[in-house]
Amino acid sequence: MNYKNIKTYLLFAAAYTLMWNGINYYNIGLFDGYDLFEMLVGTHSGYSYFLTIALVFVFSCLILADKQINPFSINRPVRQKRSSVSRYMALTGVKCAAIHTVIYAGVQIVCTYIYVDNDIMSEKGFMKVMPLYALALFTIFTVSIMFYLVLYVFTGISYLAIFITVAVNIGIAYFVRGDFLYGGITVLDYMAMGEPVNITVFLIYQMINICIAAVLYVIFQEIYKRKDIL
């Protein structure tokens, strides 16, 4: 990871912190205690939040990935096999998804701890549920990046691939919701309301999302092998 990437990640963290405080500004002033916790944390389901993830944070993740992935660079294909290059790009995309997840979830953890009493956080099991929430975010970002890679090598235009990927995510977030792709992030709502989370069902849906990402990777690899790059 070079200095330029670290600087970019820090800028995104700062932007997400400002965004979190802007969105929750009135809640912080109006509520306290358990009510404040529910307002800050128990708002991670429904059209508005899903659409925010699809429009803002998926887009941001794809921008981060796009800065580090270039399927049409001739440097690597000259020195390595196509399969190795495609695997490298996919792993770079997964790394971007993981780092972006850590940044976004980390900002929420730090900001929530600043405004909510530690005893309430501990009683509600906030830090026990956050890894599940982060996993759900990671699968969203990973599926999105793999879909973006398929479109990128097919069209040859990175920003068109980003635009279509974000549009598809918006469609899923608005029309599908449920447990597919975006449903996993509702674990925070269950935690805030004191309802149990079915871990088994949650993990099954996340495995389905990972399988979708794997299928997209295979499609990307096959297209890339046949693409005229040189």
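Preceding this section is the structure that the text describes.
Residues numbered from 1 in each chain as written. Predicted model: local features only at pLDDT ≥ 70, side-chain atom pairs only at ≥ 80, totals over all residues. Heavy atoms only, no water.

Asks: What exactly am I supposed to notice about a nonpolar patch on the surface here?
Replies: Together, Y25, Y26, L30, F31 and M39 make up an exposed nonpolar region whose accessible area comes to about 580 Å². Relative to the helices and strands, F31 resides in the loop between α2 (25–30) and α3 (33–41). Its relative accessible area of 31% is what places F31 among the partly exposed residues. (Patch = residues over 30% accessible without salt bridge, like charges linked within 9 Å, V, L, I, M, F, W, Y side chains within 5 Å. Areas by Shrake-Rupley, 256 points an atom, 1.4 Å probe, with all protein chains shown as cover. Salt bridge = Lys/Arg side-chain N within 4 Å of Asp/Glu carboxyl O. Helix = DSSP H or I, 4+ residues; strand = E, 2+ residues; numbered from the N terminus. Buried < 20%, exposed > 50% of the residue type's maximum accessible area, 1.4 Å probe, protein only.)

Asks: Whenever I open this one, the packing of helix α4 (residues 47–66) against helix α8 (residues 126–155) confuses me. Can you help?
Replies: Pairs of packed helices are described in terms of their axes, by the angle between the two and the distance that separates them. Running from amino to carboxyl end, α4 crosses α8 at an angle of 60 degrees, the nearest separation of the two axes being 10 Å. Between α4 and α8, the interaxial angle falls into the category oblique. The handedness of the crossing between α4 and α8 comes out as right-handed. Contacts from Y49, I53, F57, V58, C61, L62, A65 and D66 in α4 reach Y133, L137, I140, F141, S144, I145, Y148 and Y152 in α8. A class-by-class count of the residues in the contact of α4 with α8 yields 14 nonpolar, 1 polar and 1 charged. (Axes fitted to C-alpha atoms, helices over the stretch in contact; angles between N-to-C directions. Parallel < 35°, antiparallel > 145°, perpendicular 65-115°, else oblique. Left-handed = near helix turned anticlockwise from the far one by under 90°. Contact = heavy atoms within 4.5 Å. Nonpolar A, V, L, I, M, F, W, Y, C, P; charged D, E, K, R; others polar.)

Interpretation in functional terms is not warranted from these geometric data alone.
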